[in-house]
Each structure stands twice: as C-alpha cells, then as structure tokens.
Amino acid sequence: MQDRKSLPPAVRRRFQTGRPCLDLAHTGGEDEFAVWEIVHTPADLGHWLGVILDIPEIATDPADLPTFRTLRAALDRTARGAAESNPPHPTDIDTINTIARTPPLIPHLTPDASLTYPAPTAQAALSTLARDAIDLFASPLATRIRVCASDNCALLFVDASRPGRRRWCSMDRCGNLTKVRKYRTTD
Ligand SMILES: [Zn+2]
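Report on the accompanying structure. (Residues numbered from 1 in each chain as written. Predicted model: local features only at pLDDT ≥ 70, side-chain atom pairs only at ≥ 80, totals over all residues. Heavy atoms only, no water.)

1. Description of the packing of helix H3 (residues 42-53) against helix H6 (residues 122-137)
As a packed pair, H3 and H6 sit with axes 11 Å apart at the nearest point and diverge in direction by 40 degrees. Considering the angle they form, H3 stands oblique to H6. Between H3 and H6 the crossing geometry is left-handed. Contact residues: Leu49, Ile52 and Leu53 in H3; Ala122, Ala125, Leu126, Thr128 and Leu129 in H6. (Axes fitted to C-alpha atoms, helices over the stretch in contact; angles between N-to-C directions. Helix = DSSP H or I, 4+ residues; strand = E, 2+ residues; numbered from the N terminus. Parallel < 35°, antiparallel > 145°, perpendicular 65-115°, else oblique. Left-handed = near helix turned anticlockwise from the far one by under 90°. Contact = heavy atoms within 4.5 Å.)

2. Points about unusual backbone geometry
Of note in the backbone geometry, Asp31 takes a positive phi value of approximately 50 degrees without being a glycine. Along the chain, Asp31 turns up in the loop between helix H2 (20-25) and H3. For Asp31, a relative accessible area of 67% translates into the label exposed. Despite not being glycine, Ser85 has its phi angle at roughly 60 degrees, a positive value. When its relative accessible area of 68% is taken as the criterion, Ser85 is described as exposed. (Buried < 20%, exposed > 50% of the residue type's maximum accessible area, 1.4 Å probe, protein only.)

3. Observations regarding the pattern of salt bridges
Applying the stated criterion across every chain, the model contains eight salt bridges. The partner of Asp76 in a salt bridge is Arg80, and the shortest N-O contact between them spans 3.0 Å. One end of the pair, Asp76, and the other, Arg80, are both in helix H4 (residues 64-83), four residues apart, so they sit about a helical turn from each other. Looking at Asp76, the relative accessible area reads 13%, which means it is buried. The shortest N-O distance in the salt bridge between Arg77 and Asp92 comes to 2.8 Å. You can see Arg77 sitting in helix H4 and its partner Asp92 sitting in helix H5 (residues 90-100), a full 15 residues away along the chain. Arg77 gets classed as partly exposed once you look at its relative accessible area, which sits at 48%. Overall, the relative accessible area of 3% leaves Asp92 in the buried class. (Salt bridge = Lys/Arg side-chain N within 4 Å of Asp/Glu carboxyl O.)

Quick look at the structure:
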C-alpha cells in the first residue's frame, strides 16, 4: 500500500483536491489531459484507486478500465462545469448515477478498532467514488469547486476556506509561482 506522502511531489499534487472523486479526475484524461495519464493498465487502476481511497491495492480486470474512464470523464466535465457555474450534462449525470448504483466498498471494523474494506473490487471502489461525487455535486460545496488560477495548472480543488476566496491548488507551488511572476513583471 502506497500512501500519498510517499509519492513524488509532482504526482502527490494531483491528489490534494480535498475530495477523492476529484482526485480520480486527476489521474489523466482525454485530449489535452492525455499527456498526464497514469492509468494505462488494470494494475495501474488498482494501484491508484488504492492511493486515492487510502486502502491497499485493489485487484482489477480489463473490464474495469472502460467503467473507470467513463466515470472519470463525467466527473472531470461536471467538476469543471461546476467551477464555471454550469449545470451537469444529463449524460454525465446518468453515468455517475449508474455507477453509484453498484454496491460500494463496505467498511468493516476490526477487533483493534481500525477500518478495513474486506474483498474490495474496482467496481465497488468506483461506486464509492461516484457516491462521493453525488454527495459533492449536490451539496453547497459544489459552488466551492475551483480550477487553479495559475496559467499553467488546470488542477481542481474544493475551496473549504471560510472566506471562499482560495485561488490556487496549493499555495506552496502555484500561489508562490504566481506571486514570483507578478513580482518579476512589475520589477
Ligand atoms: Zn495549481
């Protein structure tokens, strides 16, 4: 099991959106996002689902990949739409609802009071992520979904700050880079 802290910084950045369903959108994508793809095989999918959900790697098979890609595209479009106050597309709503109908990961309390998910499957993990998306898109937090304001960053995040004026995926990177750039251009 790989936890987020052990990931290289460039990869770790993808999984700091504040919501697992948005973290899934950051595993790659189509068109301009295809260069960022990290899920090429069923094994990749099992690995990254584990990282995103903070559970051990999940066994997957090739049939899981199309479900994953369809869900990821729907989540990405819906989140980027929400960031511009656009309603979700009916096809994407259908995709999310259909995948959420599959039984999700079932939490299990162990004798030492820790949480496990016995016999996790990729289909159950994708259902858990679709349910997280429904929870997010139907909540007041949907208006807090943002796309990073840095010119060369398209990462999504949920702005959970009290004033709701957060602009960057991370202050460490994009926030400071933007400030440095501004400083240089006004110098
Ligand atoms: Zn950024």
